[in-house]
Amino acid sequence: MTTHHRRVWALALPIILSNLSVPLLGAVDTAVMGHLDSPVYIGAVAVGALVFSYIYWGFGFLRMGTTGPTAQAIGAGDGAEARAVLGRAMLIGLSVGAVLWLLQAPILALAMGLLDASDEVETLAAEYVRIRIWSAPAALVQYAQIGWLLGLGRARAVMIQQIGANALNIVLNLLFVFGLGMTVEGVALATVIAEYAGVGIGFLLMAPALRTLGGRWDMARLRDRARLKRLIAVNGDIFIRTLCLLSAFAWFTARGAASGDVVLAANAVLLNFLTFAAFGLDGFAHAAETLVGGAVGARDRATLRAAVRTSTIWALGTAVVMAGAYVLLGDVLVAVLTGLPEVREAAAGYMLWAALMPLVSVWGFQFDGIYLGATESRPLRNMMILCLGAYLLMTWALVPLWGNHGLWAAFMAFMGLRGLTLAVLYPALERRVTGRADTSFSTNS
């Protein structure tokens, strides 16, 4: 295995392992609720978790906007700037978390008003939200920690942090629900405790990196107007991009909820397929992000191209394996996630859409990592807005004709368009970050 392949796997494998613990946690949430006596519990956790996906991943720029600048600072040999990137991200995370605490009542009212679920699902989902909101500062600080560690290339530390926090979350889920007889409130409380534990683990893992990084903490850098302006611009683009992506998932959930609790629960179960695929494939996107960021910081065109090519080859191969596994074992996975016969039967009718999703979505994940590593956030924003508009039009046209199949078809087209639009713009990106017109990939991979 050549150097570039080894570097991709050295970054990707720990990230894949840590990322897979996240959908495993979501799957455990679904399975714990799915083995209670009503589908409303699955629907309530799905709706409640969607609210926090919207909130937290809306501020996902604290992770995505930290890795690229950190990697570029390391590539340029600027340890002081790498420290400053971390400081800015953590300050923003703590501030936003405090604001979310203050705004929890209007957030809850808005969320429940937008989601067309049954009264029982909404009541339980509201209880979940009221508890989990208290983890907001911890969740956002973790994003900053993860982004910074990935920018340093310390993927193994991220793996330890994520697996540790999520393993604790799973244990607490089982204890609170099956041991203490709680329902959605047990799942929410387990997450709050685990989020704060994750922050503590993160600080322990960051300490060695800070000792060896070089440079020093510099308040003048933290307040530097030019850097802050660039940070705000990049993070604003990523915020809009992420908000559009989450809006697509929210629209998918809302349209499914309009078809009844059973369809809502079936779609929630099948979305775990995409979640597992996303967090697995995202390992290669994160690897691309770190390697592209370092190459851009060092102005190394050959390394940039090698990073793009090598990480994409492995991502595509992994997508093929995942899709094949879902086709063969999808029914088994659904049976693990829920014991409700009506939900299993409904999910079987839409299984093929979820099983083939990795082959379509891999390109969007991969180009996200490439553009974020280069801190080229504007194309991500613009193309996501375009794709969301196309998706909404497709659901308007297809759902009345094909029902939930139309919803899945529109969603798959949306995921495919994400990759296609960014691929079209990639040659221009390479010219901007390298100053060269030639767009062929390096063969030294």
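Residues numbered from 1 in each chain as written. Predicted model: local features only at pLDDT ≥ 70, side-chain atom pairs only at ≥ 80, totals over all residues. Heavy atoms only, no water.

It is worth spelling out the overall build of the protein at this point. Broken down by element type, the protein carries 17 helices and zero strands. For 445 residues, the compact-globule estimate of 2.2 N^0.38 gives 22 Å, and the protein sits close to it at 21 Å. If you line up the protein on its principal axes, its C-alpha atoms span 60 × 40 × 40 Å. Across the 445 residues that make up the protein, the buried fraction comes to 57%. For the protein, contacts bridging at least 24 residues in sequence account for 85% of all contacts bridging at least 6. Summing over all exposed atoms, the protein offers an accessible surface of approximately 17,600 Å²; the carbon and sulfur share of this is 68%. (Helix = DSSP H or I, 4+ residues; strand = E, 2+ residues; numbered from the N terminus. Rg over C-alpha atoms; globule rule 2.2 N^0.38 Å. Buried < 20%, exposed > 50% of the residue type's maximum accessible area, 1.4 Å probe, protein only. Contact = heavy atoms within 4.5 Å. Areas by Shrake-Rupley, 256 points an atom, 1.4 Å probe, with all protein chains shown as cover.)

Another aspect to go through is the nonpolar core. Within soluble globular proteins, side chains that are nonpolar generally end up buried alongside one another. Counting 132 residues, the largest nonpolar core has Met 33, Leu 270, Tyr 391, Phe 411 and Phe 414 as the members making the most contacts within it. Counting residues per element, this core draws most heavily on helix α12 (residues 261-298), at 19 residues. In contact with Leu 270, other than residues within four places in its own chain, are Val 334, Ala 347, Tyr 350, Met 351, Ala 354 and Trp 408. (Core = buried A, V, L, I, M, F, W, Y, C linked by side-chain atoms within 4.5 Å.)

Apart from glycine, the bulk of residues carry a negative phi angle, and the bulk of peptide bonds sit in the trans form. Phi is positive for Thr 375, close to 50°, though the residue is something other than glycine. With respect to the helices and strands, the residue Thr 375 is situated in the loop between α15 (351-373) and α16 (377-402). Looking at Thr 375, the relative accessible area reads 14%, which means it is buried.

The next point concerns the side chain of Arg 88. Note that Arg 88 resides in helix α4 (residues 79-102). Those residues in contact with Arg 88 that sit more than four places away from it in its chain are Glu 81, Arg 221, Leu 222, Arg 227, Leu 228 and Leu 231.

It is at 8 Å that the axes of α12 and α15 come closest, and there the two elements cross at 20°. The angle between the axes of α12 and α15 places the two elements in the roughly parallel class. Viewed along their axes, α12 and α15 form a crossing whose handedness is right-handed. Here the residues of the contact of α12 with α15 sort into 19 nonpolar, five polar and two charged. (Axes fitted to C-alpha atoms, helices over the stretch in contact; angles between N-to-C directions. Parallel < 35°, antiparallel > 145°, perpendicular 65-115°, else oblique. Left-handed = near helix turned anticlockwise from the far one by under 90°. Nonpolar A, V, L, I, M, F, W, Y, C, P; charged D, E, K, R; others polar.)

By secondary structure assignment, the location of Thr 395 is in helix α16. For Thr 395, a relative accessible area of 0% corresponds to the buried category. Of note is the side chain of Thr 395, whose polar atom sits 2.9 Å from the side chain of Trp 251. Not counting residues within four places of it along the chain, the set of residues in contact with Thr 395 comprises Trp 251, Arg 255, Pro 400, Leu 407 and Ala 410. (Polar contact = N/O pair within 3.5 Å; in protein donor to acceptor, adjacent residues only side chain to side chain.)

This brings us to a nonpolar patch on the surface. Taken together, Leu 316, Val 320, Val 327, Leu 328, Leu 329, Val 332, Val 336, Leu 352, Leu 356, Leu 359 and Trp 363 make up a surface patch of nonpolar side chains, about 1,000 Å² in accessible area. Secondary-structure elements contributing two or more residues to the nonpolar patch are α13 (301-337) and α15. A per-element tally of the nonpolar patch places α13 first, with seven residues. (Patch = residues over 30% accessible without salt bridge, like charges linked within 9 Å, V, L, I, M, F, W, Y side chains within 5 Å. Salt bridge = Lys/Arg side-chain N within 4 Å of Asp/Glu carboxyl O.)

Below, the discussion takes up the pattern of salt bridges. Under the counting rule described, the total for this entry stands at five salt bridges. Put simply, Arg 381 and Asp 237 hold a salt bridge, and the shortest N to O gap is 2.9 Å. Of the two residues, Arg 381 sits in helix α16 while Asp 237 sits in helix α11 (residues 225-257), which places them 144 residues apart along the sequence. Judged on exposure class, the residue Arg 381 and its partner Asp 237 are both buried.

The next thing to look at is the packing of helix α3 (residues 61-75) against helix α7 (residues 136-151). At their nearest, the axes of α3 and α7 sit 7 Å apart, and the two run at 30° to each other. Between α3 and α7, the crossing angle belongs to the class labelled roughly parallel. Classified by chirality, the crossing of α7 by α3 is right-handed. The residues of α7 that touch α3, namely those facing Leu 62, Arg 63, Thr 66, Thr 67, Thr 70, Ala 71 and Ile 74, are Leu 140, Tyr 143, Ala 144, Ile 146, Gly 147, Trp 148, Leu 150 and Gly 151. Residue classes in the contact of α3 with α7 are distributed as nine nonpolar, five polar and one charged.

Our next topic: the packing of aromatic side chains. Taken as a whole and judged by the stated rule, the model has 13 aromatic pairs. Between Trp 9 and Phe 284, the ring centres sit 5.2 Å apart and the planes meet at 90°, which makes this aromatic pair edge-to-face. Taken together, the positions of Trp 9 in helix α1 (residues 3-34) and Phe 284 in helix α12 put the pair 275 residues apart, joining distant regions of the chain. Of the residues examined, Trp 9 reaches a relative accessible area of 24% and is grouped as partly exposed. Of the aromatic side chains, those joined through ring pairs into one cluster are Phe 249, Phe 252, Tyr 391, Trp 408, Phe 411 and Phe 414. (Phe/Tyr/Trp six-rings, centres within 6.5 Å; stacked < 30°, edge-to-face > 60°.)

Counting all residues, the mean pLDDT for the protein is 83, and 91% of those residues have values of 70 or more. The secondary structure element of the protein with the lowest average pLDDT is α1, at 72, and the one with the highest is α16, at 94. Predicted confidence is poor over residues 436-445, with pLDDT under 50, and the contacts of this stretch with residues over four places away or in other chains come to 28 contacts. (pLDDT = per-residue confidence, 0-100.)

This part covers α13. Over its 37 residues, α13 extends only 46 Å from the first C-alpha to the last, a length that falls short of the 54 Å expected when each residue adds 1.5 Å. Approximately 70° is the largest bend angle found in α13, and it occurs at Leu 329. (Expected span 1.5 Å × (residues − 1). Bend = angle between axes of the 7 residues up to and from the residue.)

With respect to the helices and strands, Asn 169 occurs in helix α8 (residues 155-179). Asn 169 sits in the buried class, given a relative accessible area of 3%. For the pair Asn 169 and Thr 212, spaced 43 residues apart in sequence, the C-alpha separation works out to 32 Å.

What follows is about α15. Taking 1.5 Å of rise per residue, the 23 residues of α15 would be expected to cover 33 Å, and the 34 Å separating its terminal C-alpha atoms lies within 8% of that figure. Maximum bend of α15: about 40°, positioned at Ser 361. Note on α15: the residue one or two positions beyond its end, Thr 375, has a positive phi of about 50°.

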